[in-house]
Amino acid sequence: MHKLNADDQKGDIMDKIGWNFSDSFTVLPEYLFSYTEPTAVDNPSWAVINESLVNELNLNINHLRSDHGLAILAGNKIPERTSPIAQAYAGHQFGYFTKLGDGRAILLGEHLTDKGDQIDIQLKGAGKTPYSRGGDGRAALGPMLREYLISEAMHGLRIPTTRSLAVVTTGEQIIREEALPGAILTRVASSHLRVGTFQYVKQFGSIDELRQLADYTIERHFPHIKDVSNCYLAFFKEIVERQAKLIAKWDLVGFVHGVMNTDNMAISGETIDYGPCAFIDKYEPTAVFSSIDEHGRYAYNQQKPVAIWNLARLAEALLPILAEKKEDAVHGAEALLGYFSEMYQKEWLARMKAKLGFFEETEVELQFIEDLLNLMEKYQADYTDTFRALTLDDYGRQEWFKTDEFNEWFQKWQAKLSAQSQSVERIRELMMSYNPAIIPRNFRVEQVLDKAVEEGDYQPFNQFVAVLQNPYAYTDEQVTYAELPPETDQPYQTFCGT
Ligand code: AMP
Ligand code: MG
């Protein structure tokens, strides 16, 4: 591992890139992390770099793009004034409790932006750590580009998510079922605190340490509740609320996370861990894409109950600090788990109404919405295209719009819409801002990844990422990306941990 040599430091290169690292996580109990440096790679090279995120983070694009910047994001050089760590955590994976940790991710530091945000800059695929458990600590180019693309698409969809600053190739092959080109993704997150981080301290630490972790998290993510009485219950409530809103947003764009283990649920309320995720094309409530999810534990329509299950595991971890008496703690936690459904439903309904062109003050019966969803299921309607068609009044892409059943629902819908006082234009505007014209459709994702990975042609990838930055724009260049996938009998499958 090379530290910066004297030449590199001339003119303070670090400040030229604009890193402003802190290391607040290391105030926590030492069993929660290990100082770990990335393992240098043979021959790093740029794959993609996210210029708009570089700017948002107040980093200098020219300096980051330099060989020096590349060396840092490849793990070949460690920026001055930072000590990289790998974090420990636990998690329920498919229901089973396991001791885990960053097995292939290394936190370079917590970057402080001009706005005062504290952002984790993490290298994913940067080599072995004390938590690698026999894994190689590496990542393949295809999955890292996939995470880059989908996380940026989620951001474009206005769904809280970790982001992707860059992908660099390592010049090394990694061995999976076949040899694959290695890569490192720079993941950007408001933190990497997980449900599993709390489970870890509950299991291996003391109650004081649990309180210390909660205080740290409150300071970092929920400073407004610092001084409320019984702040730990308020803390749990905040987490529940953010998760409820997050899952409602996923469901409303047809996003299936695919591996909602408790280590993959971020306390910040950001979507994290883009392994086997995918978007539904046809509306199928039981959709599952992940090859290892044999029993559909993380199916599309299970995301809400699974989130509650995960939060129940978090509540168990937090019980000792939620109240003085155990029964009060249990009672408080249970009430808040019930509150999840209420929050989810409120968020879901408000957004679904907007998708259908109804303003806040308009009452819409749930049955009316369910009627549409039932028809969509019956006719295997394309989820995104159905709402796009309703938005644009353009029913050209799907045959089921010609059915009497759709027409009947459509007439009722029109009547309800015209009972509103808002103009047709305002209704369309509302619908356009809640119904994406495009999503990262699976077949397109595969196409652009193939081009990039197999042929080194990044143009289709970059163009797709560009249009996904604003999926609500309804621009001409988005039209081709809104096309339906070709008919196929092959169910789409995704893989994790690759
Ligand atoms: P994930 O399915 O990506 O959430 O990963 C689950 C756990 O396996 C995490 O603790 C990862 O750090 C670890 N892991 C995944 N891939 C590797 C790898 N190639 N080498 C070491 N650890 C890994
Ligand atoms: Mg994970």
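Novice: Before we go on, may I ask you to explain the domain arrangement of the protein chain in this structure?
Specialist: For interface size, the figure often reported is the accessible area lost on association. The domain boundaries assigned to the protein chain delineate domain 1 (2-191), domain 2 (196-353) and domain 3 (359-434). Contacts between domain 1 and domain 2 engage 38 residues on the former and 42 residues on the latter. Where domain 1 abuts domain 2, roughly 3300 Å² becomes buried across the two surfaces, and 62% of that area is made up of carbon and sulfur atoms. It is Tyr31, His92 and Phe94 in domain 1 that bury the most area against domain 2; as a group they hold 21% of the surface buried on that side. Our count for the contact surface shared by domain 1 and domain 2 stands at two salt bridges. Residue Arg220 is joined to Asp120 by a salt bridge in which the shortest nitrogen-to-oxygen separation is 2.7 Å. Counting the contacts that link domain 1 with domain 2 gives 18 residue pairs in polar contact (both at pLDDT 80 or more). If you list the elements that add at least two residues to the side of domain 1 that touches domain 2, you get β6 (85-93), β7 (96-101), β9 (118-124), α6 (141-156) and β12 (179-189). Among the elements that line the side of domain 1 that touches domain 2, the one with the most residues is β6, at six residues. Along the lines of polarity and charge, the residues of the side of domain 1 that touches domain 2 split into 19 nonpolar, eleven polar and eight charged.

Novice: Sorry, what's going on with the pairing of β7 here?
Specialist: The side chains of a regular strand alternate, first on one face of the sheet and then on the other. In this sheet, β7 lies alongside β6 in antiparallel orientation, the contact comprising six bridges. Within the sheet, the bridge partner assigned to Ala88 lies in β7 and is Gly101. In this structure, the hairpin formed by β6 and β7 is closed by a connection of two residues, where Phe94 is found at a positive phi of approximately 50°.

Novice: What is the right way to look at unusual backbone geometry in this model?
Specialist: Glycine aside, negative phi is the norm for most residues, and most peptide bonds take the trans geometry. Positive phi outside glycine occurs at Arg158, with the angle close to 65°. Its location among the elements puts Arg158 in the loop between α6 and β11 (163-175). The backbone of Asp273 sits at a positive phi, close to 75°, despite the residue not being glycine. The topology assignment puts Asp273 in the loop between β13 (255-256) and β14 (278-279).

Novice: It is not clear to me how the packing of aromatic side chains should be interpreted in this structure. Could you clarify?
Specialist: To describe a pair of aromatic rings, one takes the distance between the centres and the angle between the planes. A full pass over the atoms with the stated rule returns 33 aromatic pairs. Ring plane angle 90° and centroid distance 6.3 Å describe the contact between Tyr283 and Tyr300, whose orientation is recorded as edge-to-face. Within this pair, whereas Tyr283 is found in the loop between β14 and α10 (303-322), its partner Tyr300 is found in the loop between β14 and α10, the two being separated by 17 residues in sequence. Comparing Tyr283 with Tyr300, the two get one shared label, buried. Members of the aromatic cluster, joined through ring pairs, are Phe358, Phe368, Tyr379, Tyr395, Trp400, Phe401, Phe406, Trp409, Phe410 and Trp413. Over the ring of Phe368 we find Lys416; its NZ or CZ atom is 4.8 Å from the centre of that ring.

Novice: Mind showing me how you'd approach the layout of surface pockets here?
Specialist: Left-over empty space is what a probe sized like a water molecule reveals as it rolls over the atoms. By volume, the second largest pocket amounts to about 920 Å³. Lining the second largest pocket are 32 residues, with Asp281, Lys282, Pro485, Pro486 and Thr488 positioned closest to its centre. Top contributing element to the lining of the second largest pocket by residue count: helix α16 (residues 442-455), with three residues. Looking at the lining of the second largest pocket residue by residue, the classes come out as 15 nonpolar, seven polar and ten charged. The two domains that each donate at least three residues to the lining of the second largest pocket are domain 2 (196-353) and domain 3 (359-434).

Novice: Help me understand the nonpolar core in this model?
Specialist: Generally speaking, nonpolar side chains in soluble globular proteins are found buried as a group. Judged by nonpolar contacts, the single largest core of 130 residues is most densely connected at Leu145, Val167, Phe198, Phe235, Phe236, Trp413 and Phe461. Among the elements that make up this core, the one with the highest residue count is helix α9 (residues 231-253) (14 residues). The residues touching Phe461, leaving out its near neighbours within four places in the chain, are Val48, Leu145, Tyr148, Leu149, Val448 and Leu449. Formed by 26 residues, the second largest nonpolar core is a distinct cluster that contains Val41, Leu64, Leu123 and Val168.

Novice: Help me understand the pattern of salt bridges in this model?
Specialist: If charged atoms from side chains of opposite charge come close, those side chains can pair. On inspection of all chains with the given rule, the structure shows 23 salt bridges. Two residues, Arg194 and Asp102, come together in a salt bridge whose shortest N-O distance is 3.8 Å. A residue pair is termed long-range when its members are at least 10 positions apart, and Arg194 in the loop between β12 and α7 (195-204) and Asp102 in the loop between β7 and β8 (105-112) qualify at 92 residues. Its relative accessible area of 2% is what places Asp102 among the buried residues. Of the charged contacts in the structure, one is a salt bridge between Arg351 and Glu347, with a shortest N-O distance of 2.8 Å. One end of the pair, Arg351, and the other, Glu347, are both in helix α11 (residues 326-355), four residues apart, so they sit about a helical turn from each other.

Novice: Hey, could you run me through the site of ligand 1 in this one?
Specialist: As a matter of local geometry, ligand 1 sits amid 17 residues, with Gly101, Gly103, Asp136, Gly137 and Asp273 nearest to it. In this structure, Arg104 approaches ligand 1 through a side-chain N or O atom, which is 3.2 Å from a nitrogen atom. Grouping the constituent residues of the shell around ligand 1 by class yields two nonpolar, seven polar and eight charged. Composition of the shell around ligand 1 by domain shows at least three residues from each of domain 1 (2-191) and domain 2 (196-353).

Novice: Would you mind going over α11 with me for this structure?
Specialist: Helical geometry note: an α-helix holds 3.6 residues per turn, so side chains three or four residues apart project in the same direction. For α11, built from 30 residues, the straight-helix expectation of 44 Å at 1.5 Å per residue is met to within 8% by its first-to-last C-alpha distance of 43 Å. Gly357 lies just past α11 and shows a positive phi near 85°.

What counts, and where the lines are drawn
Residues numbered from 1 in each chain as written. Chains lettered and ligands numbered in written order. Predicted model: local features only at pLDDT ≥ 70, side-chain atom pairs only at ≥ 80, totals over all residues. Heavy atoms only, no water. Domains from an automatic or database assignment. Contact = heavy atoms within 4.5 Å. Buried area = accessible area lost by both parts, 1.4 Å probe. Salt bridge = Lys/Arg side-chain N within 4 Å of Asp/Glu carboxyl O. Polar contact = N/O pair within 3.5 Å; in protein donor to acceptor, adjacent residues only side chain to side chain. Helix = DSSP H or I, 4+ residues; strand = E, 2+ residues; numbered from the N terminus. Nonpolar A, V, L, I, M, F, W, Y, C, P; charged D, E, K, R; others polar. Pairing = 2+ DSSP bridges. Phe/Tyr/Trp six-rings, centres within 6.5 Å; stacked < 30°, edge-to-face > 60°. Buried < 20%, exposed > 50% of the residue type's maximum accessible area, 1.4 Å probe, protein only. Lys NZ or Arg CZ within 6 Å of the ring centre and 35° of its normal. 1 Å grid on protein atoms, 1.4 Å probe; cavity = no way out; pocket = protein on both sides within 12 Å on 5 of 7 lines; lining within 4 Å. Points joined across faces, edges and corners; volume = space filled by probe spheres on them. Core = buried A, V, L, I, M, F, W, Y, C linked by side-chain atoms within 4.5 Å. Near = heavy atom within 4 Å. Expected span 1.5 Å × (residues − 1).

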